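So you can see what is in the structure, the chains are spelled out below.
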Amino acid sequence: AVGGCAEVWDRVCEAVGLQSYVKTAGNDGLDSMLPLGRQCTDEQSRMLGELLARCVLRERGEIATITRHVTKRGDKVYLDYLQKRHGQTIVTPFSVRPLPGATVSMPLKWDEVDDTLDPKAFTIRTGIERMERLGTAPVLAGLETKAGRYQLIGPTARVMPRFRASVPGENQEPPPETPPTPPTP
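Residues numbered from 1 in each chain as written. Predicted model: local features only at pLDDT ≥ 70, side-chain atom pairs only at ≥ 80, totals over all residues. Heavy atoms only, no water.

What about unusual backbone geometry?
For residues other than glycine, phi is negative in most cases, and the peptide bonds are mostly trans.
Consideration 1: In the Ramachandran plot, Phe94 falls in the positive-phi region, its phi being about 75° despite a non-glycine side chain.
Consideration 2: Mapped onto the secondary structure, Phe94 falls in the loop between β4 (77-78) and β5 (107-108).
Consideration 3: Accessibility expressed as a relative area gives 40% for Phe94, which makes it partly exposed.
Consideration 4: Non-glycine residue Ala102 carries a positive phi angle of around 50°.
Consideration 5: Relative to the elements of secondary structure, Ala102 occurs in the loop between β4 and β5.
Consideration 6: Of the residues examined, Ala102 reaches a relative accessible area of 21% and is grouped as partly exposed. (Helix = DSSP H or I, 4+ residues; strand = E, 2+ residues; numbered from the N terminus. Buried < 20%, exposed > 50% of the residue type's maximum accessible area, 1.4 Å probe, protein only.)

Observations regarding helix α1 (residues 2-15)
Consideration 1: The end-to-end C-alpha distance of α1 is 20 Å, a good match for the 20 Å that 14 residues give at a rise of 1.5 Å each.
Consideration 2: Listed as buried for α1 are Gly3, Gly4, Cys5, Ala6, Val8, Trp9, Asp10, Val12 and Cys13.
Consideration 3: The inward-facing, buried residues of α1 contact β2 (30-33), α2 (42-60), β3 (64-65) and β4.
Consideration 4: Remark: Gly17 follows α1 within two positions and exhibits a positive phi of approximately 80°. (Expected span 1.5 Å × (residues − 1). Contact = heavy atoms within 4.5 Å.)

Some words on helix α3 (residues 124-134)
Consideration 1: Here α3 has its buried residues at Gly127, Arg130 and Met131. In an axial view of α3, the angular spread of the buried residues amounts to 95°, which keeps them on one side of the axis. More than 90 degrees from the buried face of α3, the exposed residues found are Arg125, Ile128, Glu132 and Arg133.
Consideration 2: Check the buried side of α3 and you find it contacts β5. (Arc of directions from axis to C-beta.)

So, the pattern of salt bridges
Consideration 1: Counted by the stated rule, this structure contains eight salt bridges.
Consideration 2: Here Asp31 and Lys23 are joined by a salt bridge, their closest N and O atoms 2.8 Å apart. Here the two residues Asp31 and Lys23 agree in accessibility, since each one is buried.
Consideration 3: Here Arg68 makes a salt bridge to Asp80, at a shortest N to O gap of 3.4 Å. Within this pair, whereas Arg68 is found in the loop between β3 and β4, its partner Asp80 is found in the loop between β4 and β5, the two being separated by 12 residues in sequence.
Consideration 4: Its relative accessible area of 31% is what places Asp80 among the partly exposed residues.
Consideration 5: Several salt bridges converge on common partners, so that one network encompasses Arg60, Glu62 and Asp115. (Salt bridge = Lys/Arg side-chain N within 4 Å of Asp/Glu carboxyl O.)

Points about a nonpolar patch on the surface
Consideration 1: Nonpolar side chains collect at one region of the surface, where Val96, Ile124 and Ile128 lie side by side and expose about 250 Å² of accessible area between them.
Consideration 2: Here Ile124 is to be found in helix α3. (Patch = residues over 30% accessible without salt bridge, like charges linked within 9 Å, V, L, I, M, F, W, Y side chains within 5 Å. Areas by Shrake-Rupley, 256 points an atom, 1.4 Å probe, with all protein chains shown as cover.)

Section: the packing of α1 against α2
Consideration 1: The interhelical angle for the contact between α1 and α2, taken along N-to-C directions, is 125°, at an axis separation of 9 Å. As the angle between them shows, α1 and α2 are arranged oblique. Crossing geometry of α1 relative to α2 is assigned as right-handed. Across from Gly4, Cys5, Val8, Trp9, Arg11, Val12 and Cys13 in α1, the residues of α2 making contact are Gly49, Leu52, Ala53, Cys55, Val56, Glu59 and Arg60. (Axes fitted to C-alpha atoms, helices over the stretch in contact; angles between N-to-C directions. Parallel < 35°, antiparallel > 145°, perpendicular 65-115°, else oblique. Left-handed = near helix turned anticlockwise from the far one by under 90°.)

Brief notes about the sheet that holds β5
Consideration 1: Taken in spatial order, the three strands of this open sheet run β2-β1-β5, and their pairing is antiparallel. Every other strand in the sheet has two partners, leaving β2 and β5 as the edge strands with one partner each.
Consideration 2: Pairing analysis gives four bridges linking strand β1 (residues 21-24) to β2, with the strands arranged antiparallel. Across the sheet, Thr24 pairs through a bridge with Leu30, a residue of β2. (Pairing = 2+ DSSP bridges.)

These figures come from the coordinates and say nothing about function on their own.
See the structure below:
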C-alpha cells in the first residue's frame, strides 16, 4: 500500500514539475525529498506538502489517510505532511535502524516503487550489495543540483481550500503550533 501511495505522489510531483526523490524510512514507510532550493518559506513548504498529500489522498483514499491520531487511522497508510515542522526529523539515508534484521533507510529509484515494495527488505547486508550494483545513491543528483524556480506557491494557496473540502471524512486538524525560536544571547 505504501508503494501505491508513493507512486501517486511521484506522478503528482512530475505533473507540476517538481523533482522528487524517495527512500525507505528504515522500517515500513517511505520518505520523499523535494529539493526546493530555499525558494519557499517553512509555511509555504508545509502548504505544498499538504497539497501533495491531499492529492494522494483523493486518489488513494481507500488505503491512505492524513488523520494524525493513530487509533483513528486503522490499517491505512499515514501521509505525514506535518513532518515538515519545527523539531521534526527524518532518518538520514543509509542509517541502520535499531530493529530486527538491521533495516536501513535506503534511497530508491522511483521505478523501484510500487505496491510490491517491501521497505523492510533493505538491510545492512542487502544495502551494501545494492549500492555496489548501483554505483551511486539515486538521491545524490537532487542534493547536487540547484532546484529550478517553482511557480507553485500562488496556485497552491488558491487550490488548497478546494482540496481541504474535497476529502470527506478526513480529520481537518490544524497543524500544531510551531514553538517560538529562543532568543539569541
